[in-house]
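Coordinates in review
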Amino acid sequence: MLYYLTLYARLMLFMFLGISLANAAMELGLLKYFSKPLEPLTKAAKLPSDAAVIPAIFLFNATAAHATLASLLNKKLVNEEEAITAVLISSAAMRTRTLFQYYLPIAVPALGFMLAAKYIAFSFISALVTVMIGFLYGRLNVNRGERVNANFENKSNGEVINKSKKEAIEKSFADALKVLKKISLRLGITIILLMILMHFGAFEALGEHIAPVLHPVGLSPQSIIVISTQIASPSAGMVMAGEMFRNGLFTSKEVLLTLFIGLLLFVSIMDFPKNIFPIFTSIYGVKFASKLVTIELSIFIGTTLFTIIMIYFLIS
């Protein structure tokens, strides 16, 4: 119970801070300074200049970035296609944040420098493929950049001139509170549902039924143990794989294949349904959250399978 209350409080805090800071930057006309270095990236995907702030926020906190994007959606400064494109092209930014939060503190000690470097390299290849898909999606689907940019320019150059900094900041906090009022109830409901599912072991049961299916793939029994562990905890699975590698039970190729297959299963059957979808639903609402999750999960599965195939043929 305490874990979920803490999770709820943490998510609400990150969303409030993220929306408030983004709104303040917009109200004060500062957003263009944050987005300027990333404009070539967003321009290549046919996004408006104000959407360039999204990859920048993803570097620091994904929840705050999604909350900011939801705020832009609510204000009709971006449409759904632009929002999806912004999320996809932020994949490299998200992976960079993960490098410092997860890969360096866990992967390097668990796997050793050389094997961890290979794991990180293949992870970034997957992220870069996602970015390329985001560019393609934007080029094919985004058509309203000029109108959105015009709205942003009007807001930046017109309204801000007539506002004091105090008024702009107060409005930013007021807008953030309005968005949080809409999100708080939905987030609370989804967390309660999540608690019920966890109480009855729904996710663990699903993982137990998935792991045995991997036997025909030709993976060793040790791989099945690591993958089963990863479904429950990727960090624990990585530590276990590293120990087996050091004891001569795995080759480097088997470690990489096992870790990416375990990651694929963890994200597909645990992370998306247990963490990502509830958060997306509370931030965006069920309709758009379902669309975004379907696209993100499909691309993640595709890019991870591509990475697994690369490892299989490129690593000896």
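Residues numbered from 1 in each chain as written. Predicted model: local features only at pLDDT ≥ 70, side-chain atom pairs only at ≥ 80, totals over all residues. Heavy atoms only, no water.

**Looking at the overall build of the protein**
The helix and strand tally for the protein stands at 15 helices and zero strands. Across the 316 residues in the protein, those meeting the buried criterion constitute 53%. Within the protein, contacts between residues separated by at least 24 positions form 77% of all contacts whose residues are at least 6 apart in sequence. On the protein, roughly 15200 Å² of surface is accessible, and the fraction owed to carbon and sulfur atoms is 70%. (Helix = DSSP H or I, 4+ residues; strand = E, 2+ residues; numbered from the N terminus. Buried < 20%, exposed > 50% of the residue type's maximum accessible area, 1.4 Å probe, protein only. Contact = heavy atoms within 4.5 Å. Areas by Shrake-Rupley, 256 points an atom, 1.4 Å probe, with all protein chains shown as cover.)

**Here's the deal with the packing of aromatic side chains**
Applying the stated criterion across every chain, the model contains five aromatic pairs. Look at Y103 and Y119: their rings are 5.7 Å apart centre to centre, the planes differ by 85°, and that puts the pair in the edge-to-face class. A residue pair is termed long-range when its members are at least 10 positions apart, and Y103 in helix α7 (residues 91-111) and Y119 in helix α8 (residues 113-141) qualify at 16 residues. Y119 matches Y103 in its accessibility class, with the two residues each being buried. Pairing Y119 with F260 gives two aromatic rings, centres 4.9 Å apart and planes at 40°, and the pair type is tilted. (Phe/Tyr/Trp six-rings, centres within 6.5 Å; stacked < 30°, edge-to-face > 60°.)

**Some words on helix α6 (residues 80-89)**
Given 3.6 residues per turn, any residue in an α-helix points the same way as the ones three and four places further on. Of all 10 residues in α6, eight are buried, a share of seventy percent or more. When we look at burial in α6, the residues that qualify are E82, A83, I84, T85, A86, V87, L88 and I89. Residue N79 occupies the N-cap position of α6, its side-chain oxygen lying 3.2 Å from the main-chain nitrogen of E81. (Polar contact = N/O pair within 3.5 Å; in protein donor to acceptor, adjacent residues only side chain to side chain.)

**Section: the pattern of salt bridges**
Under the definition given, this model contains three salt bridges. Across the pair E81 and K291 runs a salt bridge, and its minimum N-O distance is 3.9 Å. Highlighted residues: E81 in helix α6 and K291 in helix α15 (residues 286-314), separated in sequence by 210 residues. Look at the salt bridges and you will find they share partners, linking E80, E81 and K291 into a network. (Salt bridge = Lys/Arg side-chain N within 4 Å of Asp/Glu carboxyl O.)

**Looking at the nonpolar core**
Counting 75 residues, the largest nonpolar core has L111, Y119, M238 and Y284 as the members making the most contacts within it. Top contributing element to this core by residue count: helix α14 (residues 252-284), with 19 residues. Every residue in contact with M238, bar those within four places of it in the chain, is listed here: Y102, I106, A107, A110, L111, Y119, Q230 and L259. (Core = buried A, V, L, I, M, F, W, Y, C linked by side-chain atoms within 4.5 Å.)

**Some details on the packing of α8 against α15**
Two numbers describe how α8 lies on α15: the axes approach to 9 Å, and their chain directions differ by 135°. It follows that α8 is oblique to α15 by the angle criterion. Crossing handedness for the pair α8 and α15: right-handed. Contacts between α8 and α15 pair F122, I125, S126, V129, T130, I133 and Y137 from the former with I295, I299, T303, T304, F306, T307, M310 and I311 from the latter. Residue composition of the contact of α8 with α15, by class: 10 nonpolar, five polar and no charged. (Axes fitted to C-alpha atoms, helices over the stretch in contact; angles between N-to-C directions. Parallel < 35°, antiparallel > 145°, perpendicular 65-115°, else oblique. Left-handed = near helix turned anticlockwise from the far one by under 90°. Nonpolar A, V, L, I, M, F, W, Y, C, P; charged D, E, K, R; others polar.)

**What about the environment of P109?**
Tracing the backbone through its elements, the reader meets P109 in helix α7. Since its relative accessible area comes to 55%, P109 is described here as exposed. Separated by 130 residues in sequence, P109 and V239 place their C-alpha atoms 8.4 Å apart. Ignoring sequence-local partners within four residues, the contact set of P109 consists of L104 and R246.

**Examining a nonpolar patch on the surface**
Together, I309, Y312, F313 and L314 line one region of the surface with nonpolar side chains, adding up to about 500 Å² of accessible area. Its location among the elements puts Y312 in helix α15. Taking relative accessible area as the criterion, Y312 reaches 48% and is therefore assigned partly exposed. (Patch = residues over 30% accessible without salt bridge, like charges linked within 9 Å, V, L, I, M, F, W, Y side chains within 5 Å.)

**Re α14**
The terminal C-alpha atoms of α14 lie 41 Å apart, and with 33 residues this falls more than 12% below the ideal 48 Å at 1.5 Å per residue. Its axis deflected by about 60° at D271, α14 carries its strongest bend there, up to four residues before the proline P273. Counted residue by residue, α14 has 28 buried out of 33 residues, so it is predominantly covered. Two residues or fewer past α14, G285 is found with a positive phi of approximately 95°. (Expected span 1.5 Å × (residues − 1). Bend = angle between axes of the 7 residues up to and from the residue.)

**A few points about unusual backbone geometry**
The phi dihedral of K46 falls on the positive side, at around 65°, and the residue is not glycine. Within the secondary structure, K46 sits in the loop between α3 (39-44) and α4 (53-58). Residue class for K46 comes out partly exposed when judged on its relative accessible area of 29%.

**Concerning the side chain of E296**
With respect to the helices and strands, E296 occurs in helix α15. Nearest to the buried, unbridged E296 among oppositely charged side chains is R95, at 8.5 Å. (Lys, Arg positive; Asp, Glu negative; His and termini not counted.)

**Concerning the confidence of the model for the protein**
Overall, the predicted model of the protein reaches an average pLDDT of 79, with 76% of residues at or above 70. Counted against residues more than four places away or in other chains, residues 145-162, with its pLDDT under 50, gives 30 contacts. (pLDDT = per-residue confidence, 0-100.)

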